[in-house]
Amino acid sequence: MKSLLQTILILTASALVMTLRAQRVTGTVFERNGTDKKSPLVGVNIFWAETSLGTITDSLGKFDIARSAKSNRLVLRYIGFKTDTIRVTSENNFEIVMKPEGQLGEVVIRGTSSQIDRLNPIQTEIITTKALAKAACCNLSESFETNASVSVSYSDAVTGAKQIQFLGLGGQYVQTNVENVPTIRGLASTFGMSYIPGTWIQSIDVAKGAGSVVNGYESMTGAINVELVKPDAREKLYFNTYVNHLGRGEVNLNLNRKLSDKWATGFLTHASTLQNRVDNNGDGFLDLPLYTQFNGINRWQYKSDKMMAQFGVKALYEDRLGGQTGFRPDEHRGTAQFYGFGNKTNRIELFSKTAKLYQDKPYKGLGLVLNASLHNTDSYFGFVNYDGRQRTLYGNLIYQSIINNTNHQFKTGINYLLDDYRETYKDSLMTRTESVPGAFFEYTYNHLDKFTLVAGLRADYHNLFGAFATPRLHLRWQPWENTTLRLSGGRGQRTPNAFAEYYGYLVSGRTVRFWGQTIQPEVTWNYGLSLTQTFHWFDKHWDLVLDYYRTDFQNQLIVDTDHATPLASHLYFYNLKGKSFSNSFQIELNTLLSKRTEVKLAYRLFDVWQTMGQPFGNSVLQQRMMVPRDRVLFNIGYNLPYDKWKLDLTVQWNGQARITDPMQSLQATIDRKPMPILYSQSFMNINAQASRAFKKFEVYLGGENLANFKQPNPIIHAEDPFNKYFDAGQTWGPVVGRMIYAGIRVKIKD
Amino acid sequence: MKQLTFVVALVLTIVFGAVANKPGKDKEVKIKTSAVCDMCKERIEKNLTLSKGISEAVLNLEDKVVTVKYNPKKTDEAQIRKVITETGYDADNLVCSQTAHDKLPECCQKTSEAHSH
């Protein structure tokens, strides 16, 4: 007790001394002008890290700011320049030279494992490599394990495909970009989450609500942007190997090399496989498909004072094999002896980004993004074949500058998107070519970082569906130091791909039918409101985030699995007639329990409804399938400096979701009763990981689904898979039980 | 219920694990180095922290002194200095390992002028 008192006394005394010494920090900010001249920078935002105590430089580039008790890191932020952080001790009268950014887009300071970007007008959560290391495995789909906004689950019990849930809706309504280029879309949306290995990822930004108009019109509920490891990264070599007790093995190797002052090249590679047949629930079906994936990127980067360019190639091969444990494709494919599932995917992508920089006007930039990809996928589900091919061209020309001063910025440009689809399901061939030229303008007004307005508008002309406008608006207001309010609204549009997006339902005896008119594009309006509050309580720093988002569909592709008759069970696709909406509410609390212990607690509520029953002349507002209404997430992490020891535990509780059962649907049809409303169980998922760093390498050991919860009977009619009521698409919980893994990471820095 | 017990047990393990790890009878030593910039600071701190018996290392770039907390049962000052010299930096009167020093990026070598990085 006495020592505690002493500590408090000493702390108070030192705090007093600090205050007495408080004084102010002064300095001047410059930019380099030619080789040895420099000129002052006016209007640079300067603030203490993790506080909003700030100022801006005057007309001579000078600043004067009171010292802060909470932070000794001074952040300098100026559009077009690299954000700079200086550690301030006792010195004063700084002379700081800021360096031009050399690329379009914002640079954000990243410290803790995940954080909310307080200056971004769009509510954005940043997942850093530190948070990614909390779950050792394996690819993008596992990267959201400790994120409360994004959840990922298996779409069915056979294929291993994973689906995002975000603001109550599926991953297809989120624009998933890799370095600001829309990537996981179209046919790639089925398995796309497993196409980005975790070791390639540098950081992930999760933006909620209507996104920016710069990257297109397809973001409806939000945008996820993945930044990959860059060729000029400090890590020259990064090697990771992973193995789990089910027999999955994985190797990743990243190599980066600076060739000269201006040129750098990088290789990101990945190979993984599972060849062990696992059937823990004894239903005669593999719990996980056997698979092999090879995946790689080679990228070249050029950076000079005047321009920046990068180009490269991505290639992917994946082979999946699932179904009954006895199934051998060479012997049994096309026979009724065993039910089998197979998928082979090849994907190749060429990409390039070029930016012209203006040394004397760093806020100005001109960038060109060009991408071409070819995606080929061949599948079979028992006797049913489904093949798809997608060719895509994407180009985006962006110009950014200011109006008078940096308080008024704008981005404008033109882009073009070409999608060429060719799909065959059973005997029917479906082709679709979409050609969409468009133009956009986005204006940003920023007042002392206290108030920001982003107003964007784009106009596109779709060759099949005509012209349309996409307006979006974001407001950010920081009335007090610790409070940030955000408001957003905007329109989104996309063309659905029924087979790729509802792939899991194809592993069934259902008869696929498109009902009524041809499928129209999906159109949404999304509105959101959020509050970010930081406060001190019990001597600790807390972050509270509250948000509410609503998505209203003007048109939607309705997927109806509710119906079965004595002749068949159905998978209906039709255009929405009536209402469809999603309400999402989330509350999240983060704190540092001690210097080394980080805690997160979050609750989220989804309320998602749509009008269904059209093929039967009904119009019933029903809950969207497979969306758990409630979810709770708890995460506690303990870290020693330089990650000598790292312990992490995540507990998720998932509430009930609406499901269907073809047998019960059939009974209801026979009894002439309304379709039964069924719910899944709620369940808990526990993951934990420990890792220990040594000088040259790091080892980790972890477990997923430690409570060993398994969905009972994930496959309906598993014993008779050629039955028309067979259904493996009703998966709401884990199919595999507890899983233990271990691995090594080796990093060689310069 | 079984799941809940499991969760509670795991949380307790982590919390107590963290408490148990608190340095009890740690000793402290201050060593002058030849660090130049933030990259040097990170390199020295990391290599020290990840060495046996050391719980914390903080380098002050102003006076280039690194303050190391360590468990005297597991390591000693000579060992700690050796870690620094093998990283490529001088430790008090001990001169750095030449091979390690030459492997450092140019900006971190002793001839380099002070700069921010």
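Note that the structure is a prediction, hence the values are computed from the model and not measured. (Residues numbered from 1 in each chain as written. Chains lettered and ligands numbered in written order. Predicted model: local features only at pLDDT ≥ 70, side-chain atom pairs only at ≥ 80, totals over all residues.)

1. Some thoughts on the overall build of chain A
No. 1: Looking only at helices and strands, chain A has five helices and 45 strands in total.
No. 2: In summary, chain A has a C-alpha radius of gyration of 27 Å against a globular reference of 27 Å for 750 residues, a match within 12%.
No. 3: Each of the three principal axes of chain A carries a C-alpha extent, and together these read 85 × 65 × 50 Å.
No. 4: Residues classed as buried in chain A amount to 45% of the 750 residues present.
No. 5: Taking all contacts inside chain A whose residues are at least 6 apart in sequence as the whole, residues at least 24 apart take part in 64%. (Helix = DSSP H or I, 4+ residues; strand = E, 2+ residues; numbered from the N terminus. Rg over C-alpha atoms; globule rule 2.2 N^0.38 Å. Buried ≥ 20, exposed ≤ 12 C-beta atoms within 10 Å, placed from the backbone. Contact = placed C-beta atoms within 7 Å.)

2. Considering the overall build of chain B
No. 1: When helices and strands are counted, chain B shows four helices and three strands.
No. 2: Burial statistics for chain B: of 117 residues in total, 26% are counted as buried.
No. 3: Within chain B, residue pairs in contact and separated by at least 24 positions form 53% of the contacts whose partners lie at least 6 positions apart.

3. A short note on the sheet that holds strand S3 (residues 65-70) of chain B
Residues and elements named next belong to chain B.
No. 1: In space, the three strands of this open sheet follow the order S1-S3-S2, with antiparallel pairing throughout. The open sheet has two edge strands, strand S1 (27-32) and strand S2 (54-60), and neither has a second partner. Each strand axis lies, on average, 15 degrees off the axis of its neighbour in the sheet, ignoring direction.
No. 2: Of the strand pairs in this sheet, S1 and S3 are connected by six bridges, and their pairing is antiparallel. Each residue of the ladder has a partner; that of Lys-27, found in S3, is Tyr-70.
No. 3: Running over the sheet, helix H2 (residues 38-49) touches S2 and S3 and is turned about 165 degrees from S2. (Pairing = 2+ DSSP bridges. Axes fitted to C-alpha atoms, helices over the stretch in contact; angles between N-to-C directions.)

4. Considerations on the sheet that holds strand S7 (residues 84-87) of chain A
Residues and elements named next belong to chain A.
No. 1: Taken together, four strands build an open sheet; the order of strands is S4-S3-S6-S7 and the sheet is antiparallel. In this open sheet, the two edge strands, each paired with only one partner strand, are strand S4 (54-56) and S7. If you compare each strand with its neighbour and ignore which way they point, the axes differ by 20 degrees on average.
No. 2: The pairing of strand S3 (residues 45-48) with strand S6 (residues 73-77) spans four bridges and is antiparallel. Looking across to S6, one finds that Ile-46 is bridged to Leu-76.

5. Concerning the environment of Thr660(A)
No. 1: As for its position among the elements, Thr660(A) is in the loop between strand S41 (658-659) and helix H5 (662-670).
No. 2: Once residues within four sequence positions are removed from consideration, Thr660(A) is found in contact with Thr561(A), Asp562(A), Met625(A), Ser665(A), Leu678(A) and Gln730(A).

6. A short note on the environment of Thr221(A)
All names here are of chain A.
No. 1: Take Thr-221: it is sitting in the loop between strand S16 (201-208) and strand S17 (222-228).
No. 2: The class for Thr-221 is buried, based on 28 C-beta atoms found within 10 Å.
No. 3: Thr-221 sits 161 residues away from Gly-382 along the chain, and the two C-alpha atoms are 35 Å apart.
No. 4: In contact with Thr-221, not counting residues within four places along its chain, are Phe-166, Leu-167, Leu-169, Tyr-173, Val-174, Asn-526 and Thr-551.

7. Brief notes about unusual backbone geometry
Residue and element names in this part refer to chain A.
No. 1: Even without a glycine there, the phi angle at Arg-672 is positive, about 55 degrees.
No. 2: Summarising the element assignment, Arg-672 is placed in the loop between H5 and strand S42 (678-679).
No. 3: Here Arg-672 falls in the exposed class, since 6 other C-beta atoms lie within 10 Å of it.
No. 4: Look at Asn-713: it is not a glycine, yet its phi comes out positive at around 45 degrees.
No. 5: Counting through the fold element by element, Asn-713 comes out in the loop between strand S44 (697-704) and strand S45 (739-749).
No. 6: The partly exposed category is assigned to Asn-713, around which 13 C-beta atoms lie within 10 Å.

8. Some thoughts on the pairing of S6(A)
No. 1: Pairing of S6(A) with S7(A) involves four bridges; the strand directions are antiparallel. Bridge pairing in S7(A) places Leu74(A) opposite Ile86(A).

9. Considering the confidence of the model for chain A
All names here are of chain A.
No. 1: Mean pLDDT for chain A: 86, with 92% of residues reaching 70 or above.
No. 2: Under a pLDDT of 50 for its full length, residues 11-22 has, in the predicted model, four contacts with residues more than four places off or in other chains.
No. 3: Across residues 102-114, where pLDDT falls below 50, the model places 37 contacts with residues more than four positions away in sequence or in other chains. (pLDDT = per-residue confidence, 0-100.)

10. Quick look at the confidence of the model for chain B
Residues and elements named next belong to chain B.
No. 1: Residues of chain B with pLDDT of at least 70 account for 74%, and the chain-wide mean is 80.
No. 2: Within chain B, helix H1 (residues 2-20) has the poorest average pLDDT of any element, 61, and S3 the best, 91.
No. 3: Overall fold confidence for the complex sits at a pTM of 0.81, while the interface term, ipTM, reaches 0.74.

11. Re the nonpolar core
No. 1: Membership of the largest hydrophobic core comes to 84 residues, with the highest contact counts inside it found for Ile196(A), Ile201(A), Val226(A) and Leu228(A).
No. 2: Setting aside its immediate chain neighbours within four residues, Val226(A) contacts Leu140(A), Asn177(A), Val178(A), Ile196(A), Ile201(A) and Ile204(A).
No. 3: Among the nonpolar cores identified, the runner-up in size contains 20 residues, and Ile31(B), Ile54(B), Leu59(B) and Cys108(B) belong to it. (Core = buried A, V, L, I, M, F, W, Y, C linked by C-beta atoms within 7 Å.)

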